[in-house]
Amino acid sequence: MTLNTEIIHRNRPIAVFDSGVGGISVLQHIHALLPNETLHYFADSRHAPYGSKTPAEIEARCFEVADFLIGQGAKALVVACNTATAAAIAAMRTKYALPVFGMEPAVKPAAEASQNGIIGVLATTGTLKSAQFAGLLESYGRHVKVVTQACVGLVECVERGELHAENTLKLVAQYCQPLLDQGADTIVLGCTHYPFVRPLIEQVAGSRVVLIDTGAAVATHLQKRLAALDLLTSRGEAGRVWFWTNSEAKNAQQVIEELWGMPAEVLTLQVLPCR
Ligand code: DGL
């Protein structure tokens, strides 16, 4: 590779995707840490939630979205979804030559943080049923009691932008209470949609319970790996952030902007081009 093509390669976008808008919670950490990178975010909202799909269905979605993002010039892919990581990260790393980053529920940090040795994990059914999660428990959950709770319907609340709605609070209470009743002093937010209802979780769990989410750790890991691969941008100015969504909701742009916290450049795709 000549110097010029290396620079062009380094200045290509980092692509981030999720079953929907939840991965924006990870994108925020990436943008804060790597402000000069161009970021492409794909919300596969038409196919959310992934949590109730089979691993084969999730893998097919991941391939389709990743093919699209790579077609847009991505230099690295971040699977900002615990459910998709559990179902498809191995297959993606086999299929694609570019670096692929995933995420998993923070069982290890939670086990280290817990004072009483009881940790709760809020996640999707798909994540909790996965072999990857079983492996995490095996590696880091042996010396603590791990209480898990699938949060059916919560992803959809965030997708609709209902971050403070009565119904969302009811679901949060319904899912957190069993963990609290069993004594959890630390709760893992094992789905990237959940940081957006963190205030509700805090309201239910109280200030003594520690909440752990992995967005910041993913961003730090991404920065270190890209630096090691000499793939960080050489641009000295702020990078642009682009959003794609295939949501059919009329308020898709509004929901993305509410979660992102500022005006966003959102492109709506009706169908993903097939390759
Ligand atoms: N944000 C995804 C995760 O981290 C949610 C999944 C879903 O669509 O069910 O697991």
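For the structure itself, consult the block above.
Model, not experiment: these values are computed from the prediction.

Asks: Hey, could you run me through the site of the ligand in this one?
Replies: Among the 13 residues in the neighbourhood of the ligand, the closest are listed as Ser19, Tyr50, Gly51, Thr83 and Thr192. One of the backbone nitrogen or oxygen atoms of Tyr50 is found 2.6 Å away from an oxygen atom of the ligand. The contact in question runs from a nitrogen atom of the ligand to an N or O atom on the side chain of His193, over 2.8 Å. Here the ligand loses 99% of its free accessible area of 300 Å² to cover by the protein chains. Of the residues in the shell around the ligand, the class split is five nonpolar, seven polar and one charged.

Asks: Before we go on, may I ask you to explain the sheet that holds strand β2 (residues 39-43) in this structure?
Replies: In sheet architecture, strand pairing relies on hydrogen bonds along the backbone and comes in two forms, parallel and antiparallel. Taken in spatial order, the six strands make up an open sheet running β4-β3-β1-β2-β9-β10, and their pairing is parallel. With partners counted over all chains shown, the strands left at the sheet margins are β4 (100-101) and β10 (265-268), one partner each.

Asks: Please explain the nonpolar core as it appears in this structure.
Replies: Soluble, globular proteins show a tendency: their nonpolar side chains are buried together. If you look at the biggest cluster of nonpolar residues, it comprises 57 residues, and the most contacted ones within it are Ile24, Ile30, Leu122 and Phe243. With seven residues, the top contributor of residues to this core is helix α9 (residues 166-181). Contact partners of Ile24, with chain neighbours within four places excluded, come to Tyr41, Phe196, Phe243, Ile256, Leu259 and Trp260. One finds Ala74, Val79, Val100 and Leu269 within the second-largest nonpolar core, a separate group that totals 24 residues.

Calculation rules
Residues numbered from 1 in each chain as written. Predicted model: local features only at pLDDT ≥ 70, side-chain atom pairs only at ≥ 80, totals over all residues. Heavy atoms only, no water. Near = heavy atom within 4 Å. Polar contact = N/O pair within 3.5 Å; in protein donor to acceptor, adjacent residues only side chain to side chain. Areas by Shrake-Rupley, 256 points an atom, 1.4 Å probe, with all protein chains shown as cover. Nonpolar A, V, L, I, M, F, W, Y, C, P; charged D, E, K, R; others polar. Pairing = 2+ DSSP bridges. Helix = DSSP H or I, 4+ residues; strand = E, 2+ residues; numbered from the N terminus. Core = buried A, V, L, I, M, F, W, Y, C linked by side-chain atoms within 4.5 Å. Buried < 20%, exposed > 50% of the residue type's maximum accessible area, 1.4 Å probe, protein only. Contact = heavy atoms within 4.5 Å.

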